[in-house]
Structure formats: structure tokens, C-alpha cells
Amino acid sequence: MNGLYADLSPTATIDSDHPAVVAYARNALAGISGGAVQKAVRLYYAVRDGIWYDPYQPFYKPEHYRASRVLQVGRAFCVGKAVLLCALGRASGIPARVGFADVRNHLTTRQLLDFMGTDLFVFHGYTEFLLAGRWVKATPAFNVELCRRHRVKALEFDGQTDSLFHPYNEESQLFMEYVCEHGAFHDVPTERIVSAWEAAYGPDRVRTWIRGFEAAGGRAGKHFEREDVIG
């Protein structure tokens, strides 16, 4: 399959042809008369603030990242939000793909740090749009309410420059450090993500997370937005 065509096509996970995804894109773009750049910007904010960031979502099956599921739940961590933004772009005729990087989060919460055992977030997800002939990164992970609580400027996106995490918060404390890039993908490499998590966090810890989700029907019972901010 041609690469550009692939980055416009739906997959089982990036289900850009799902009626709910198509409707969300249409509603987000209502009244807009601009081109692809303006559309991508509007879609970015519809995901950044329309879907709340939640690191306590299941992660070990492709369907956990499915764009239509993210819309239904209304919450997701970075990969799910990147997938939804990617799907909305494809639904709107904008070539899009998902990218991944390892990042070190210096301002996480005490509870999440205990849960993960580290401040290294492996396979953090973002979206890439093909705009004006080049790929532009967009990071819709943190909704504006969460950013205010963590004293970090909410990430903006203009469709022309990469939207990446700030290295410092508003008090000049270390916030987010990019450790390594894994590149961009047409679809979500779920098995690769789980394997990388096992290598970084330990297979026993990852299996414990999976057993917890299985026992709770996919719900962690945690509320990240209420946790104790470190820093």
C-alpha cells in the first residue's frame, strides 16, 4: 500500500471511518472554511481539551487504543489521545500517523510514580500530520485543566511548528525530557509497546497491571486529576 494512501486509511485501531469519529470530526470543524492546517489545529484542540488525560487506562490490547473507544470513554493516556487525533485527521482528509518517544516526566504525581516505579514514560504517543508538504508533530496529551494544576503551560499547536512538551514548568522546574524517539507508525504497534513496557518497568509489574484491569473490568479506580503533584 502506498505510504500516503495508508496514512489516510482507517485501521482496526485508528478507525477513522467509524460513525462516532466521523461525527466528532464534523462537529469540531463546523463553520471552518480554512484548509488542512486550520482543520488540523481545530481537531487538535478538540482532542486536547475534549478528552481528559488519564494514565490509568488499559493498554495491552489494540482495542484499548481504538479511536471510537477513546471517544466513548472520554478519557485516555497519551497514546489513545494521539490515536484519536490521528483518526480525526484521516476522517477529515489529512494524512496522519502516530509517533512515539520515551520521555522522562520530572513533574508526575506521587501516586503515579509509585504505580510505575519510575518517572520514565516509555512509548509516549503523539500525532503527526502531513501539512504543507511536511510532517508536523502534535501532542494533545494534557488537557488545559490538568496543565493548570501541574503549573505547566498547555501545549499549543499552530499546524506549522512541532508541538512538543515544554522542558520546564512555569516555575522553571524540570518538566519533560525527551530521551529517545521510536519513529512514526501507520498503526499502533501494541505488542511492541507492551514489550517495551515490560523491559522498562519489569514483566511482573506489567502483569500485575494487566491482572488488575482484568479483575476490574478495565477500570483502575484511580483519579489522576486528584493526585498529589510532585514539584
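A few points on the structure. These numbers were taken from a predicted model, which means no experiment stands behind them.

## Describing the layout of surface pockets
Phase 1 of the analysis: Taken as a whole, the largest pocket holds about 200 Å³ of empty space.
Phase 2 of the analysis: Forming the walls of the largest pocket are 13 residues, and the residues nearest its centre are Tyr56, Gln57, Gly218, Arg219 and Ala220.
Phase 3 of the analysis: Per-class residue counts for the lining of the largest pocket are three nonpolar, five polar and five charged.

## Let's talk about the sheet that holds strand 3 (residues 96–105)
Phase 1 of the analysis: The sheet built from four strands is open, its strands ordered 5-4-3-6 with antiparallel pairing. Edge positions in the sheet fall to strand 5 (134–138) and strand 6 (176–185), since each of these pairs with one other strand and no more. Here the average twist between neighbouring strands, direction ignored, is 35°.
Phase 2 of the analysis: As paired strands, strand 3 and strand 6 are joined by eight bridges and run antiparallel to one another. For arginine 104, the partnering residue across the bridge sits in strand 6 and is glutamate 177.
Phase 3 of the analysis: Where helix 8 (residues 190–201) meets the sheet, it contacts strand 3, strand 4 (120–131) and strand 6, and its direction lies at approximately 145° from that of strand 4.

Criteria and thresholds
- Residues numbered from 1 in each chain as written.
- Predicted model: local features only at pLDDT ≥ 70, side-chain atom pairs only at ≥ 80, totals over all residues.
- Heavy atoms only, no water.
- 1 Å grid on protein atoms, 1.4 Å probe; cavity = no way out; pocket = protein on both sides within 12 Å on 5 of 7 lines; lining within 4 Å.
- Points joined across faces, edges and corners; volume = space filled by probe spheres on them.
- Nonpolar A, V, L, I, M, F, W, Y, C, P; charged D, E, K, R; others polar.
- Pairing = 2+ DSSP bridges.
- Helix = DSSP H or I, 4+ residues; strand = E, 2+ residues; numbered from the N terminus.
- Axes fitted to C-alpha atoms, helices over the stretch in contact; angles between N-to-C directions.
- Contact = heavy atoms within 4.5 Å.

Shape descriptors only; they carry no functional weight alone.
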